[in-house]
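Structure at a glance
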Protein chains: 10
Amino acid sequence: MLTKQDVTDLIYERKRASGLSWARIAEDIGMSEVFVTSACLGMNTLPREKAEALVLNLGLPQEAAVVLSEYPTKVFSQTVPTDPCIYRFYEIIGVYGQTLKELIQEKGGDGIMSAIDFDMSVEKVPYPKGDRIEIRMSGKFLSYNAW
Amino acid sequence: MLTKQDVTDLIYERKRASGLSWARIAEDIGMSEVFVTSACLGMNTLPREKAEALVLNLGLPQEAAVVLSEYPTKVFSQTVPTDPCIYRFYEIIGVYGQTLKELIQEKGGDGIMSAIDFDMSVEKVPYPKGDRIEIRMSGKFLSYNAW
Amino acid sequence: MLTKQDVTDLIYERKRASGLSWARIAEDIGMSEVFVTSACLGMNTLPREKAEALVLNLGLPQEAAVVLSEYPTKVFSQTVPTDPCIYRFYEIIGVYGQTLKELIQEKGGDGIMSAIDFDMSVEKVPYPKGDRIEIRMSGKFLSYNAW
Amino acid sequence: MLTKQDVTDLIYERKRASGLSWARIAEDIGMSEVFVTSACLGMNTLPREKAEALVLNLGLPQEAAVVLSEYPTKVFSQTVPTDPCIYRFYEIIGVYGQTLKELIQEKGGDGIMSAIDFDMSVEKVPYPKGDRIEIRMSGKFLSYNAW
Amino acid sequence: MLTKQDVTDLIYERKRASGLSWARIAEDIGMSEVFVTSACLGMNTLPREKAEALVLNLGLPQEAAVVLSEYPTKVFSQTVPTDPCIYRFYEIIGVYGQTLKELIQEKGGDGIMSAIDFDMSVEKVPYPKGDRIEIRMSGKFLSYNAW
Amino acid sequence: MLTKQDVTDLIYERKRASGLSWARIAEDIGMSEVFVTSACLGMNTLPREKAEALVLNLGLPQEAAVVLSEYPTKVFSQTVPTDPCIYRFYEIIGVYGQTLKELIQEKGGDGIMSAIDFDMSVEKVPYPKGDRIEIRMSGKFLSYNAW
Amino acid sequence: MLTKQDVTDLIYERKRASGLSWARIAEDIGMSEVFVTSACLGMNTLPREKAEALVLNLGLPQEAAVVLSEYPTKVFSQTVPTDPCIYRFYEIIGVYGQTLKELIQEKGGDGIMSAIDFDMSVEKVPYPKGDRIEIRMSGKFLSYNAW
Amino acid sequence: MLTKQDVTDLIYERKRASGLSWARIAEDIGMSEVFVTSACLGMNTLPREKAEALVLNLGLPQEAAVVLSEYPTKVFSQTVPTDPCIYRFYEIIGVYGQTLKELIQEKGGDGIMSAIDFDMSVEKVPYPKGDRIEIRMSGKFLSYNAW
Amino acid sequence: MLTKQDVTDLIYERKRASGLSWARIAEDIGMSEVFVTSACLGMNTLPREKAEALVLNLGLPQEAAVVLSEYPTKVFSQTVPTDPCIYRFYEIIGVYGQTLKELIQEKGGDGIMSAIDFDMSVEKVPYPKGDRIEIRMSGKFLSYNAW
Amino acid sequence: MLTKQDVTDLIYERKRASGLSWARIAEDIGMSEVFVTSACLGMNTLPREKAEALVLNLGLPQEAAVVLSEYPTKVFSQTVPTDPCIYRFYEIIGVYGQTLKELIQEKGGDGIMSAIDFDMSVEKVPYPKGDRIEIRMSGKFLSYNAW
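Model, not experiment: these values are computed from the prediction.

1. Some thoughts on the overall build of chain A
Helix and strand counts for chain A stand at six helices and two strands. Along its sequence from the N terminus, chain A presents helices and strands in the succession α-α-α-α-α-α-β-β. With the principal axes as the frame, chain A shows a C-alpha extent of 50 × 50 × 30 Å. Put simply, chain A has 147 residues, and 57% of those count as buried. A sequence separation of at least 24 residues applies to 47% of the contacts in chain A between residues at least 6 apart.

Below is the structure:
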């Protein structure tokens, strides 16, 4: 029985062999690159017909489409990530976490930004002083209940 | 001798008494609300003249301007934040961290988004299905050195 | 400046002196006992007029009403709670967590139960073989976004 | 020798192949879906005759019935669960743990809710503002001994 | 307002001044020494009349009796205890924990020994090869529910 | 080369196949059930002739007797055990650890109960209000050296 | 009421003022320097008459003698010590721990070296290639019980 | 390619089969038993000719001599060791660590005992009140640099 | 599909067989020994043509060149390294970390030394009192943004 | 009695008031800025006459010179430092630790770089592409003992 990890390994293998980018893999099934990449890494669920298209495009076994559309148990095993590219985001949350809370609640009242009804994009933007990475996150504002 | 924590406490006190928002405090010294809030919470350094303006506006003691322009040691004591509003961001990094790495490196080569040459904004945006919080982060792309 | 902790201490003091129950304190301001208790312990926000009523009923200083209606930073310092009464709930989540996930997703698709748009009750119910505690939790079902 | 984990893997395999729900698997042996799911995941003990029925219904090897009725060592390896659906329950215990303790003890005296003489249900309930998940937990009240 | 810790400190002070043993303090109020000691250390609840007797015997302030009969939040801050006398018990649980589980379940079926409906004694017993400490623990057997 | 874990697995296999209890396995070699169980789980050393008898009784390979009489490295990998039956003992040490220390030292002076020159028994005892589990631990009292 | 920590602080104060060495403080009461130092740091119990002599010699308040002869709860708060001088010993145990176990058990059978019936010395010894520190530890060999 | 762990496993196998002691294995190559044992456990480097002699004596494959003379990465995976024989040394460092520091620095000035230019012995010594284990450690005294 | 770990293992194997040093391996492809070693250990990315040269020189399979030029996820699994040679650097950061921060910020203003636009060298230098290891690190100074 | 922390606080106070740099404070007593800063932060020992000069220069109380020349217990409380400027060094050790070990041992044989017989410098160096921070560390090479 194929696991999520098996399918991720197969995708990396096809990616290395074919030279396809995540951007292209996502575009070919008509979804965003952040979402498709996260689903290929086993952290999100592809709608079944999207999974089938992806499996067809990459030449993966049919069972992979079932696996890609199953609901993952999202496990991140490093409490503090060590890869520098990922750690910087952890650091940003550490440094600006209380600030984000102050401003979200100043704007919306007692509540949070949802991480479930959520989307995100990543872009590289050229600037005179050097290219910048721009991240945009958008999540539904959820108010705490009082009862 | 006033510490960063003392100054943060004083600012919260004046904020509660005056009803001023972070947005207003920031606007009154001509800087962004994310940056000013983080500096007031002891996580960033205000330029000296901005610190003096803020101190004047809030009626803080003169020494507070010195403190606000000193370089903080950024300590975040919770390895995993427990406040739900902050935890959701930690969760996003856990779930999408590897995805962010894949896409940043696909777009820029081996490197990272800087958390130092960095800025961020927070907005609440109305949507038919409910308001959304939108976060925009921008950091310089830094390439790994090979030597 | 009164902190959330100061107000919690004051409430415990008045409770000990007056013998009032949480049930009574909550009923007197027309809200549920779970919510009011959690707000008195600094883990939720009372609506301002409810906070003023509570402060009046318990004879607390006026500033306490402001504090009770401010948005708390929810910090729980024990990663694994040690008090037996609280640990048992931690254990239930450990033993049944994956089961809850399987069933919530079987019933609703890929998603979660919200802990924000959420309410809860606690009752003691008599049974022939001994009284039972019954907890009822209700949270909005939130679907993961695909984009 | 089959282990609990082997049997769980076999059940997932049959579930994927047959499309059976946990609700149906449980109903077919006349037990609740929470309990049967937890036993299939290796976290509870099925009575022997129930185990045999389940093994028959799913077409598992005979030895699986022995395994399902052995007493598991309940190991949950993540001190803080990372899957969002499970984490929300951990968060609820963190935020409301002391509140639960206050109310259980106000109602029953010094004691706890048992996690052993315990049952639980999960339902999805439609509401105008969106479906809700409702959890009901029931555990025997146990008084501390004084001696 | 006196806290549990304040009362523990007062009791240690009176114990040092008076030279009274825990055995004597317990006997004077007609309860066991394990239970009374644990209550004096803030880990159990004395019945109100016992608390009043103890307060009288030790010459503590009246409020201490209220505190001793309040329900404690049992916090043990060292996950692994470092004092050698306490560590040895932690080690015993580490070395013999699975053995205890095997034998309790062999004798009683799937279940546990309660730590709530529980009592314990400690004795020093002379032996030719050297005195021994004998601990006796007794807890109600609780069967897991199947439903 | 057989490891301790291999031998434990073989014993579980024979136990499942034969239906023998730990009590019977121990009695057949004339030792206590706590000690024999712990040795079978790899946490103690059987005297060589006892190991040979056990191997004969259970029909294990000859090498198993060598392994059972080798000195184990006692590793318990969960700092806080999660199985409820084992956790309750951890909780008892947490709640009563300081009490045990006070009473052992009141009775014997500055010292500890040995966990090496140590024995233990587990019984289930019928009581009108429900069966109880009774644990008896006995360890040599060891005085601290002053020099 | 003086605590162990208070007495340690007083001793450091007198040591700084008087320039007395630990060697001299120990010699003046006729005990070893390791034991006396550890007792002064709150990690061992001085016999009462030794405590009184020490208190007299250093000019400490009379109550300090009571405190020095009370049984300490030995708490070491750093799981991994950070001071280089102490860390090196931790490292030695990490690197040579399994070796020590192999050799102690080869020489004495299944058992351990006691840390309770234990003494230790520290010397600086001149060598041509540079002075060496020599530590000698001696603890009673304790055999595991089989029963 | 043989790893350090493979070689350790082979040595244990030959030791069990041949009944050779560590003392004998060490003596046969003319080195101390502590050092040779630690090298066989993968925690030190044997000089090449010693490694060849040991490999010859134990009948190991030739490649093992290469492996035994490679420089190990010293990994000890348990931050706090659980085996009682090893834990007691950890406890000694916890209880006496600050004492060791005080005395080493009183004798030598600001500095430490080296754990690199270091040797150690373990002996069992008969005493009327019972055998004792005696550990002798010797490490070069290293002074902190001031510059 | 070869992983980074597979390639590292192959390189160690060829190194052991050929006796080549890291210095020589690096020199043969015209890059520094620190960078090449770190890339061979899976912690950096070799430029593709350098990877091909290295693969040719060491006689590795062609796929290894692809792997060596892929971007690694940098995982270091020990939060506190235990190998003494690596630990000493951890200790230096612990002891001098705040000092480094004070001096970097005194010289450059609020900012940091980049670990990305970074290079390093390691040399052994002979001195009369004994050889010394000299590490040189160089990283771009990055100023915090104010906005 | 002044503690190391008290003296550090006093030095920060004088530094803020006087505007003196660490470079100047160090130069005025004829020592390096890294060493003097670390001693002022309580992480090293100033020679007594240097301590007296520094105390005179900064106008500190006389007792501060005694404190500055006492041997500190070096405690760093964050296992993983959170301040970005300090974290980057931790990251460098994580990423390059094994590389440093390989190269130090290739150059010197089995051994380490001392962190005790050690010195360090920090410089800011102008470069066309932006200023760089250059760190130089130098520690004595220590060979492991074989015995």
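On we go from here.
2. Focus on the interface of chain B and chain A
The interface is formed by 69 residues belonging to chain B together with 69 residues belonging to chain A. In this assembly, chain B packs against chain A so that about 6700 Å² is buried in total across both faces, 67% of it on carbon and sulfur atoms. Its largest share of buried area at the contact with chain A, chain B owes to Lys107(B), Arg132(B) and Ile133(B), together 10% of the area lost on that side. Across the chain B-chain A interface, the total number found is eight salt bridges. Where Asp83(B) meets Lys101(A), a salt bridge forms, and the shortest distance between an N and an O atom there is 3.1 Å. Elements supplying a minimum of two residues to the side of chain B that touches chain A: helix H1 (4-18), helix H2 (22-27), helix H3 (33-40), helix H6 (84-108), strand E1 (111-125) and strand E2 (132-143) of chain B.

3. Focus on the domain arrangement of chain A
In many analyses, interface size is given as the accessible surface area lost on bringing the parts together. Assigned domains of chain A: these are domain 1 (4-68) and domain 2 (84-143). For domain 1 of chain A and domain 2 of chain A, the distance between their C-alpha centres works out to 26 Å.

4. Re the sheet that holds E2(B)
Overall, antiparallel pairing links the four strands, which are arranged E1(A)-E2(A)-E2(B)-E1(B) in an open sheet. Each edge of the sheet is formed by a strand with only one pairing partner; in this case those strands are strand E1 (111-125) of chain A together with E1 of chain B. Ignoring strand direction, the axes of neighbouring strands in this sheet form an average angle of 15°. The sheet contact formed by E1(B) and E2(B) spans eleven bridges and is antiparallel. Opposite Gly111(B), over in E2(B), you have Ser143(B) as the bridge partner. Its contacts with the sheet put helix H6 (residues 84-108) of chain A on E1 and strand E2 (132-143) of chain A together with E1 and E2 of chain B, and the angle it makes with E1(B) is roughly 20°.

5. A short note on the sheet that holds strand E2 (residues 132-143) of chain E
Read from one edge of the open sheet, four strands run E1(E)-E2(E)-E2(F)-E1(F), paired in antiparallel fashion. The open sheet is flanked by strand E1 (111-125) of chain E together with strand E1 (111-125) of chain F, the only strands paired with a single partner. Neighbour-to-neighbour, the strand axes of the sheet open up by a mean angle of 15°, direction not taken into account.

6. Some words on the relation of the copies chain B and chain A
The two copies are related by a screw operation: chain B maps onto chain A through 180° of rotation and 0.0 Å of translation along the axis, at an RMSD of 0.0 Å. The transformation just described matches what one would write down for a two-fold rotation axis. When C-alpha distances to the rotation axis are compared across chain B, the minimum falls at Arg136(B), with a value of 2.3 Å.

7. Focus on the relation of the copies chain G and chain I
Of the transformation superimposing chain G on chain I, the axial component is 0.0 Å and the angular component is 180°, with the fit at an RMSD of 0.0 Å. When the interface residues of chain G are mapped onto chain I, 100% of them again fall at the interface, so both copies present the same face.

8. Brief notes about the UniProt feature "active site" (unreviewed entry) in chain A
Under the present numbering, the feature "active site" (unreviewed entry) in UniProt falls on Arg88(A), Glu91(A) and Ser114(A). Following the sequence through the fold, Arg88(A) ends up in helix H6. Its relative accessible area of 2% is what places Arg88(A) among the buried residues. Those residues in contact with Arg88(A), other than ones at most four positions away along the chain, are Ile112(B), Met113(B), Ala115(B), Ala115(I), Ile116(I), Tyr87(J), Arg88(J) and Glu91(J).

9. Concerning the packing of aromatic side chains
Summed over all chains, the structure comprises 70 aromatic pairs over all chains. When the ring of Tyr96(A) is compared with that of Trp147(I), the centres are 6.3 Å apart and the planes differ by 50°; the resulting orientation is tilted. With Tyr96(A) in helix H6 and Trp147(I) in the segment after strand E2 (132-143), the pair connects residues from two separate chains. Overall, the relative accessible area of 5% leaves Tyr96(A) in the buried class. Residue placement shows Arg132(G) over the ring face of Tyr127(G); its charged tip is 6.0 Å from the ring centre.

Rules used in this analysis
- Residues numbered from 1 in each chain as written.
- Chains lettered and ligands numbered in written order.
- Predicted model: local features only at pLDDT ≥ 70, side-chain atom pairs only at ≥ 80, totals over all residues.
- Heavy atoms only, no water.
- Helix = DSSP H or I, 4+ residues; strand = E, 2+ residues; numbered from the N terminus.
- Buried < 20%, exposed > 50% of the residue type's maximum accessible area, 1.4 Å probe, protein only.
- Contact = heavy atoms within 4.5 Å.
- Buried area = accessible area lost by both parts, 1.4 Å probe.
- Salt bridge = Lys/Arg side-chain N within 4 Å of Asp/Glu carboxyl O.
- Domains from an automatic or database assignment.
- Pairing = 2+ DSSP bridges.
- Axes fitted to C-alpha atoms, helices over the stretch in contact; angles between N-to-C directions.
- Least-squares fit on C-alpha atoms with pLDDT ≥ 70 in both.
- UniProt positions renumbered as here; feature names shortened; annotations may be inferred.
- Phe/Tyr/Trp six-rings, centres within 6.5 Å; stacked < 30°, edge-to-face > 60°.
- Lys NZ or Arg CZ within 6 Å of the ring centre and 35° of its normal.

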